Structure formats: structure tokens, C-alpha cells
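Spelled out from the first residue to the last, the chains are:
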Amino acid sequence: VLTIVATEMVLLLKPEHFWKWYSLVVTTLLTVRYPYYKAKKWQYFMIDFCYYANICCLIQLFFFPANPTGIKVVFIFANGPLAWAITSWRNSLVFHDIDKTISVYIHFFPMLLT
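All of the points below concern the structure found in this document. Just so it is clear, the model here is predicted, and its values are computed rather than measured.

### Focus: the side chain of T7
Mapped onto the elements, T7 comes out in helix α1 (residues 2-13). Those residues in contact with T7 that sit more than four places away from it in its chain are F18, W21, F109 and L112.

Set out below in C-alpha cells:
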């Protein structure tokens with residue numbers, strides 16, 4: 001719940017710094033999710049497109065921030081397949097289930113970034 005409040009605060013008060021917040025949240029969530037998936041032997045699910053799109057966003061932010069083609073690709077990834085995946089896979093924000101919460105963030109945060 002606090003992450004949603006902090007995200008809204010960053011977006012409304014300092015939108016030019018949202019990329020830093022995005023980087024912090026996404027790397028933290030991916031780092032938390034990997035051991036959880038590894039323990040359940042689901043680690044190969046992290047090769048899915050949604051993780052690829054988030055990694056592309058991070059690469060674009062840190063290594064190629066002025067590349068117009070990269071910006072377009074990340075925008076299409078975030079507002080195309082990831083946006084549709086939220087409704088297609090019925091992602092729901094369930095605060096007491098960390099796995100579902102991470103899934104919502106992984107699919108929704110790139111849209112906020114672009």
C-alpha cells in the first residue's frame with residue numbers, strides 16, 4: 001500500500017524523477033521474486049516477455065537514454081503486450097499475496113514509465 005502512495009507522490013510531485021523510483025522498485029521486485037520462484041522450481045517463468053520488457057526498460061534508462069528507436073520499442077512493449085496482459089491474465093492487486101502484487105507491478109509500472 002505504501003508503494004502505491006509513494007508512486008503517486010513521485011508521479012505528482014517529481015515526475016522527472018520517476019525513472020529512479022521505477023528502477024528501484026522493479027529491481028527490488030525482481031530480486032525478491034527470483035528466490036521465491038527458484039524455491040518452487042518456477043525460475044524459467046522469469047524468461048517470460050513481461051520480464052524481458054522490464055529489463056529493456058532498465059537498459060533503455062541506463063545505457064541508451066537518448067536512443068529514439070529504443071524509446072519507441074519500450075513504449076510499444078509497455079503499452080501493448082504488457083497492458084493487455086493485465087486483463088488477459090486477470091492480474092489483481094491483492095495486498096496479502098506478494099506474488100500477485102509483484103505481477104501487477106511488473107505489468108503496470110512500465111506503462112507509468114512511458
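That shown, we press on.
### Observations concerning the environment of F18
Mapping F18 onto the fold places it in helix α2 (residues 18-39). Classification of F18 as buried rests on a relative accessible area of 3%. Residue contacts for F18: discarding those within four places in its chain leaves T7, V10, L11, F109, L112 and L113.

### Some thoughts on the packing of aromatic side chains
Per the stated rule, a full pass over the model turns up ten aromatic pairs. Ring geometry for Y36 against Y37: centres 6.0 Å apart, planes inclined by 40 degrees, an arrangement best described as tilted. Seen in terms of ring centroids, Y52 and F77 are 5.9 Å apart; in terms of plane orientation they differ by 55 degrees. Their pairing is tilted. A residue pair is termed long-range when its members are at least 10 positions apart, and Y52 in helix α3 (residues 49-62) and F77 in helix α4 (residues 68-79) qualify at 25 residues. Residue class for Y52 comes out partly exposed when judged on its relative accessible area of 45%.

Conventions adopted
- Residues numbered from 1 in each chain as written.
- Predicted model: local features only at pLDDT ≥ 70, side-chain atom pairs only at ≥ 80, totals over all residues.
- Heavy atoms only, no water.
- Helix = DSSP H or I, 4+ residues; strand = E, 2+ residues; numbered from the N terminus.
- Contact = heavy atoms within 4.5 Å.
- Buried < 20%, exposed > 50% of the residue type's maximum accessible area, 1.4 Å probe, protein only.
- Phe/Tyr/Trp six-rings, centres within 6.5 Å; stacked < 30°, edge-to-face > 60°.

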